[in-house]
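What follows is each chain in one-letter form.
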Amino acid sequence: MSHITLAVEELSIIAQQALRKSGVSSVSAADTCAALMAAEQAGIASHGFARLPFYLDQLDIGKLKPDAQSVLAEYGSAVNVDADSGLAFPAVQRGLDHGIALAQHCGIVAVAISRSHHFGMAGYYAEQAARQGLVCLAFSNGPAAMAPWGGNTPLFGTNPIAFASPRENQHPLVIDLSLSEVARGKIMLASQKQEAIPLGWALDRGGHPTQDADAALAGSMAPAGGTKGAALALMVELLTAGLTGSNYGFQASSFFNTEGGPPHIAQLLLLLNPAFFSAGYLQHSEQLFAAMQQQPGVRLPGERRQAVAQQNSTQISLPAALLEQLRIRAG
């Protein structure tokens, strides 16, 4: 597959023009592009501009509302944002910005986003909060891909969890993971190449471990950590869709096609101001990080991703076919 390298600024213009052509406001286009760009720069292409054609198709057909106007309501230290069946990125960003400001004098803030859509790389939002001195947890549910433990019918999404902590004179510590054993994209790639997958990645329709990629796609993803991962996925469903009255994974339509109504999944961001709990959090946490790094071979979570992002700070390489598709969509 051939790739083309272009400047970050040029790619941003193309992507935003494509979104604007599909009826999205300039602010929403900028928020969406910034999140996709962060994923590309971090080397997480599965959450980058490869997603944009799916968003554009859904905007054009009305599964995503192009002129969505998110509505924010504040109740003490609880912030609710209704994404209005539109792109998640502007709604989540609005809620996060408001929550960060609120946490400066509230100590703990919860930001819930309802009637939402795919919000990309969860760590992108958690890291923003950490750069403002806050500890952050970010959760999202998604369309069904995993069965409950012991079952064989997908009910839960892969339900990412991200955590970020500020550091003293360093990039924040960022943990970002989904609750499936591997990304579904890896199984899709194996299917395209007609390759076997390792046992433990997925289950067939009968709920049995399989090495057949096609059987895996027709079945369900295996939860990370077995029963523990399935329990965590249930927890995320309740913290997101449950709290906001949004769709659980088994009720949500796909992020990848134009069928059905809006997915209407949900996100939750928890923001904690360390200053409200004890003095010297930054210095105290560095003691733990230093003890970890004294052991040969230990690397703090997020370090590799941050190094890749630095390498990709000015240029991005995209598959030529994808870039051509985006240029056409941009007009």
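Residues numbered from 1 in each chain as written. Predicted model: local features only at pLDDT ≥ 70, side-chain atom pairs only at ≥ 80, totals over all residues. Heavy atoms only, no water.

With respect to unusual backbone geometry
Moving on, step 1. Positive phi values are uncommon outside glycine, yet aspartate 84 reaches one of about 60 degrees.
Moving on, step 2. Assignment of secondary structure puts aspartate 84 in the loop between β3 (78-82) and α4 (88-106).
Moving on, step 3. A positive phi angle, near 50 degrees, is found at histidine 264, a position not held by glycine.
Moving on, step 4. Structurally, the position occupied by histidine 264 is in the loop between α8 (227-244) and β10 (265-272).
Moving on, step 5. Look at histidine 264 and you get buried, because its relative accessible area is 19%. (Helix = DSSP H or I, 4+ residues; strand = E, 2+ residues; numbered from the N terminus. Buried < 20%, exposed > 50% of the residue type's maximum accessible area, 1.4 Å probe, protein only.)

A word on the packing of aromatic side chains
Moving on, step 1. A complete count under the given rule lists five aromatic pairs for this structure.
Moving on, step 2. Residues phenylalanine 119 and tyrosine 125 carry aromatic rings whose centres are separated by 5.3 Å and whose planes lie at 10 degrees to one another, so their mutual orientation is stacked. You'll find phenylalanine 119 and tyrosine 125 in the same group, each marked buried.
Moving on, step 3. Arranged with centres 5.0 Å apart and planes meeting at 75 degrees, the rings of tyrosine 124 and tyrosine 125 form a pair that is edge-to-face. For the pair shown, tyrosine 124 and tyrosine 125 are each scored as buried.
Moving on, step 4. Joined through ring pairs, the aromatic side chains of Phe119, Tyr124 and Tyr125 make up one cluster. (Phe/Tyr/Trp six-rings, centres within 6.5 Å; stacked < 30°, edge-to-face > 60°.)

So, helix α10 (residues 303-311)
Moving on, step 1. Taken together, the buried positions of α10 are Arg305, Gln306 and Val308. The buried residues of α10 occupy an angular sector of 160 degrees when the element is viewed end-on, so they sit on one face. Across from the buried face of α10, at angles greater than 90 degrees, the exposed residues are Gln310 and Gln311.
Moving on, step 2. If you follow the buried residues of α10, they end up packed against α2 (26-41), α5 (122-130) and β7 (173-177). (Arc of directions from axis to C-beta. Contact = heavy atoms within 4.5 Å.)

Let's talk about the side chain of serine 285
Moving on, step 1. Within the secondary structure, serine 285 is located in helix α9 (residues 281-293).
Moving on, step 2. At 2.9 Å, the side chain of serine 285 forms a polar contact with the backbone oxygen of leucine 282. (Polar contact = N/O pair within 3.5 Å; in protein donor to acceptor, adjacent residues only side chain to side chain.)

Regarding the sheet that holds β3
Moving on, step 1. Ordered by their spatial adjacency, seven strands build an open sheet running β2-β3-β4-β10-β5-β6-β7, and the pairing between neighbours is mixed. Two strands close off the open sheet at either side, each with one partner strand: β2 (71-75) and β7. Strand after strand, the sheet turns through a mean of 10 degrees between neighbouring axes, direction not considered.
Moving on, step 2. Of the strand pairs in this sheet, β2 and β3 are connected by five bridges, and their pairing is antiparallel. Its bridge partner lying in β3, valine 71 is registered against aspartate 82.
Moving on, step 3. Taken strand by strand, α4 contacts β2, β3, β4 (108-116) and β10, and its axis lies near 165 degrees from that of β4.
Moving on, step 4. In the packing of α5 onto the sheet, contacts are made with β5 (135-140), β6 (161-165), β7 and β10, and the angle to β6 comes to roughly 20 degrees. (Pairing = 2+ DSSP bridges. Axes fitted to C-alpha atoms, helices over the stretch in contact; angles between N-to-C directions.)

Looking at the pairing of β6
Moving on, step 1. Buried residues dominate β6, accounting for four of its five residues.
Moving on, step 2. Note that β6 and β7 share five bridges and pair antiparallel. Bridging from a neighbouring strand, alanine 162 pairs with aspartate 176 of β7.

Some details on the pattern of salt bridges
Moving on, step 1. By the definition in use, this model includes nine salt bridges.
Moving on, step 2. Put simply, arginine 131 and glutamate 127 hold a salt bridge, and the shortest N to O gap is 2.7 Å.
Moving on, step 3. Residue classification places glutamate 127 among the buried residues on the basis of a relative accessible area of 11%.
Moving on, step 4. Within this structure, Lys65, Asp82, Asp84 and Arg115 form a network of salt bridges that share partners. (Salt bridge = Lys/Arg side-chain N within 4 Å of Asp/Glu carboxyl O.)

What about α9?
Moving on, step 1. Taking 1.5 Å per residue as the helical rise, α9 with its 13 residues ought to reach 18 Å, and the 18 Å between its terminal C-alpha atoms agrees with that figure.
Moving on, step 2. Among all positions in α9, only Ser285, Glu286 and Phe289 are buried. Relative to the axis of α9, the buried residues are bounded by an arc of 110 degrees and lie together on one face. Set apart from the buried face of α9 by more than 90 degrees, the exposed residues are His284, Gln287 and Leu288.
Moving on, step 3. Tucked into the core, α9 has its buried residues touching β7. (Expected span 1.5 Å × (residues − 1).)

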